[in-house]
Amino acid sequence: MPSFNDNNRLRLLSGSANMELSNEVSRYLGIDLGPMVRKQFADGELYIQIQESIRGCDVYLLQPTCRPVNDHLMELLTMIDACRRASARQITAVIPYYGYARADRKTAGRESITAKLVANLITKAGASRILAMDLHSAQIQGYFDIPMDHVYGSPVLLDYLHSKELSDIVVVSPDVGGVARARAFAKKLGDAPLAIIDKRRQAHNVAEVMNVIGDVRGKTAVLVDDMIDTAGTITEGARLLRKEGARQVYACVTHPVLSPPAIERLSSGIFEEVIVTNTIPIAEEDRFPELTILSVANLLGEAIWRIHEDSSVSSMFR
């Protein structure tokens, strides 16, 4: 259990996006979540009030910007503003899932780069520091002009896979853009071989899988990605791996966005197991037999503790 040198200056607050995760982080740190009033006016406007003094405190706000994205983003911004106006010494936005991250560059004319826009909004609201997990692309770290700590869900996923004692593993990237992530994952999985799915995307949330680069025949394929949204890419990839002779197919993903028809696709029997973390809450009615949810609360709690104690965060992943 962490032991703080300056416990009375640490405050932990949570938005409404993922209270279960926030409560787990609270238990890990041994610190109660701060009292806060959150309500909406009749027209949908949000009202936030912190119900204890945080003057001179280091405040950590836990809030993934998951569905409904705009509501949860606005709630985060309002909490930051409330803390700034309450004279908090430092405000760290702990964002397990960073929404709007897919638009991280211009791929056509007259597009918005929303990953940068959201970074600007959070900074202008008054955040002093960001703690985020498994960003969609690493360059988003550079969109912030304030200190940022980027942590990974891979240790939690890797520990679980090691416990299953799978044999003949090949780590598969569902697209070329995820090769670096898959390569790092494969290295920590006993230098497992790597395969890549070559696909061509015709439109947003629509993917056409072409072929597999690498040998998967007779092996246990582990598809690794940062998120599952509609599950089109990863499901088509799994079908192709089966066609190419993979003995088993597992999906290993940090953020379960799970927009329709993801549940139907993932529960169709194509996967032995779909392994995700709890950065985004999953309703009971959306769970299915193949789904395994792992908690990242201890990992986030440890990162918060190290930031507060001015210790190294990156050493957690060596």
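Residues numbered from 1 in each chain as written. Predicted model: local features only at pLDDT ≥ 70, side-chain atom pairs only at ≥ 80, totals over all residues. Heavy atoms only, no water.

*Asks:* Lay out the side chain of Asp 229 with the relevant residues and their values.
*Replies:* By secondary structure assignment, the location of Asp 229 is in the loop between strand E11 (220-228) and helix H6 (232-243). Asp 229 gets classed as buried once you look at its relative accessible area, which sits at 11%. Looking at Asp 229, its side chain comes within polar contact range of the side chain of Arg 102, at 2.6 Å. (Helix = DSSP H or I, 4+ residues; strand = E, 2+ residues; numbered from the N terminus. Buried < 20%, exposed > 50% of the residue type's maximum accessible area, 1.4 Å probe, protein only. Polar contact = N/O pair within 3.5 Å; in protein donor to acceptor, adjacent residues only side chain to side chain.)

*Asks:* Before we move on, could you go through the packing of aromatic side chains and cite the residues and values that matter?
*Replies:* Two numbers describe a pair of aromatic rings. These are the distance of the centres and the angle of the planes. A complete count under the given rule lists three aromatic pairs for this structure. Ring geometry for Phe 41 against Tyr 47: centres 6.4 Å apart, planes inclined by 75°, an arrangement best described as edge-to-face. Phe 41 sits in the partly exposed class, given a relative accessible area of 45%. Measuring from ring centre to ring centre gives 5.4 Å for Tyr 152 and Phe 317, while their planes differ by 90°; the resulting arrangement is edge-to-face. With Tyr 152 in the loop between strand E7 (148-151) and helix H4 (154-164) and Phe 317 in the segment after helix H8 (297-308), this pair connects stretches of sequence that are 165 residues apart. The aromatic ring of Tyr 47 is capped on one face by Lys 39, whose charged end is 5.2 Å from the ring centroid. (Phe/Tyr/Trp six-rings, centres within 6.5 Å; stacked < 30°, edge-to-face > 60°. Lys NZ or Arg CZ within 6 Å of the ring centre and 35° of its normal.)

*Asks:* Account for the nonpolar core, naming residues and giving values.
*Replies:* Of all hydrophobic cores here, the largest spans 38 residues; its most connected members are Val 25, Val 151, Val 171, Phe 185 and Leu 300. Once you skip the residues sitting within four places of it in the chain, Val 151 turns out to touch Leu 131, Ala 132, Met 133, Asp 134, Leu 299, Leu 300, Ala 303, Val 313 and Phe 317. Counting 34 residues, the second largest nonpolar core, distinct from the first, contains Val 59, Leu 61, Leu 77 and Ala 132. (Core = buried A, V, L, I, M, F, W, Y, C linked by side-chain atoms within 4.5 Å. Contact = heavy atoms within 4.5 Å.)

*Asks:* Any chance you could break down the pattern of salt bridges for me, citing the residues and the numbers?
*Replies:* Counted under the stated rule, the structure contains 15 salt bridges. Taking the shortest distance from any N to any O, the salt bridge between Glu 75 and Arg 38 comes out at 2.9 Å. Pair noted here: Glu 75 is in helix H2 (residues 69-85) and Arg 38 is in strand E2 (residues 36-40), with a separation of 37 residues, a long-range link. On the accessibility criterion, Arg 38 (33% relative accessible area) is partly exposed. As a salt-bridge pair, Asp 149 and Arg 129 come within 2.8 Å of each other at their nearest N and O atoms. Taken together, the residues Asp 149 in strand E7 and Arg 129 in strand E6 (residues 129-133) connect sequence positions 20 residues apart. Using a relative accessible area of 14% as the deciding quantity, one classes Asp 149 as buried. (Salt bridge = Lys/Arg side-chain N within 4 Å of Asp/Glu carboxyl O.)

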